[in-house]
Amino acid sequence: MEHSFERVNNILEALPYITKYSGKTVVIKYGGAAMAKADLKESFAKDIVLLKYVGIHPIIVHGGGPEINRLLETLNIPTEFVHGHRVTNAETMDVVEMVLTGKVNKQIVSMINKEGGNAVGLSGKDGNLAVASKTKIEVDVEGKASELVDVGLVGKIDKIDPTVILSLMEKGFIPVISPVAESESGESLNINADTFAGELAGALKAEKLILLTDTSGILIDGKLVTGLNRALVKDYIRKGDITGGMIPKVDCCLSAIDQGVRRTHIIDGRVPHSILIEIFTDQGIGSLIE
């Protein structure tokens, strides 16, 4: 009986959050371990379906780096990275698009539908969702000023037209998006999934942007920090407390907030049901930036 009361209390704890977020849009970047382990994939799919059933509108933007690496290796196509960005020539871009849009995207759609959802897969090309242009990566050179490096068919988003997403949402579908976009000239471009999710959240004025990562959140001196704002984030970067791959993630969050997203979260995708813990519990999980 005591266990039953505990379960009821957990449901009651979620009630005000269900009321608060029903009808709101949540953009989720799905990647890392949450995409690799069977139990985490199952818990993710169940989380997404539950969100939809209680009236929240989840939109998923996914990565797929390990799958891309495996196919490139199978095809004996060499892989090169510059500061975490894949150098993408035309041959590599064909593989990226084939894996992200043709394989990984459909696997995610299938697992959500298996749990009772109604997911639809697309890429940034569909419905002119995302228009992008080639970008160069700024690289620090020891003893010299930083320089811009061409990494091939890697893009930055110039424009988001969410019409196709809104249409799907109105019909009750769950959009699942691979981060491939097209340039004005029709060139396929590989977009960082965090960046794509942030730009999409901004265009939709989403209630939340949630980035699933393989860390517990933003760690300062080994301790998880939360309740951050722009000034604190920039101060941590200036002091060297936020470094490496976390910098583009927090920049993505700040950009989304600038565009009207109310709250952004960097959470641990290695924790089962981390999305539900973040949205429906008093304590939450990971790092909040607002």
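Predicted, not measured: the structure shown is a model, and the values here were computed from it.

Undergrad: Is there a simple way to think about the packing of helix 7 (residues 230–238) against helix 8 (residues 246–258) in this case?
TA: A pair of packed helices can be characterised by two numbers: the angle between their axes and the separation between those axes. At a minimum axis separation of 11 Å, helix 7 and helix 8 run at an interaxial angle of 160 degrees. Taken together, the axes of helix 7 and helix 8 lie roughly antiparallel to each other. Once helix 7 is placed against helix 8, the crossing between them reads as left-handed. Facing Arg230, Val233, Lys234 and Ile237 of helix 7, the residues of helix 8 in contact are Ile247, Val250, Asp251, Leu254 and Asp258. Across the contact of helix 7 with helix 8, the residue classes break down as five nonpolar, no polar and four charged.

Undergrad: I would appreciate a short explanation of the UniProt feature "binding site: substrate" (unreviewed entry) in the protein chain in the present structure.
TA: Look at the UniProt record and you will see "binding site: substrate" (unreviewed entry) annotated at Gly64, Gly65, Arg86 and Asn190. A stretch of 127 residues holds the annotated residues, and the largest C-alpha distance among them is 12.2 Å, short enough that they meet in one place. Those residues within four positions of Gly64 in sequence are excluded, and the remaining contacts are Met35, Val99 and Leu100.

Undergrad: It is not clear to me how the environment of Gly202 should be interpreted in this structure. Could you clarify?
TA: Within the secondary structure layout, Gly202 lies in helix 6 (residues 193–204). The exposure class assigned to Gly202 is buried, which follows from its relative accessible area of 0%. Between the alpha carbons of Gly202 and Leu51 there is a distance of 20 Å; along the sequence they are 151 residues apart. Ignoring anything within four residues of it in the chain, the contact list for Gly202 reads Ala256, Gln259 and Val261.

Undergrad: Looking at this structure, how should I read the sheet that holds strand 2 (residues 57–62)?
TA: Taken together, seven strands build an open sheet; the order of strands is 5-8-2-1-11-14-15 and the sheet is mixed. With partners counted over all chains shown, the strands left at the sheet margins are strand 5 (119–123) and strand 15 (287–289), one partner each. Within the sheet, the average angular offset between the axes of one strand and its neighbour, ignoring direction, is 20 degrees. The pairing of strand 1 (residues 25–30) with strand 11 (residues 208–213) spans four bridges and is classified as parallel. Bridging across to strand 11, Ile28 finds its partner in Ile210. Along the sheet face, helix 2 (residues 38–53) touches strand 1, strand 2, strand 8 (174–178) and strand 11 and points at about 145 degrees away from the line of strand 2.

Calculation notes
Residues numbered from 1 in each chain as written. Predicted model: local features only at pLDDT ≥ 70, side-chain atom pairs only at ≥ 80, totals over all residues. Heavy atoms only, no water. Axes fitted to C-alpha atoms, helices over the stretch in contact; angles between N-to-C directions. Helix = DSSP H or I, 4+ residues; strand = E, 2+ residues; numbered from the N terminus. Parallel < 35°, antiparallel > 145°, perpendicular 65-115°, else oblique. Left-handed = near helix turned anticlockwise from the far one by under 90°. Contact = heavy atoms within 4.5 Å. Nonpolar A, V, L, I, M, F, W, Y, C, P; charged D, E, K, R; others polar. UniProt positions renumbered as here; feature names shortened; annotations may be inferred. Buried < 20%, exposed > 50% of the residue type's maximum accessible area, 1.4 Å probe, protein only. Pairing = 2+ DSSP bridges.

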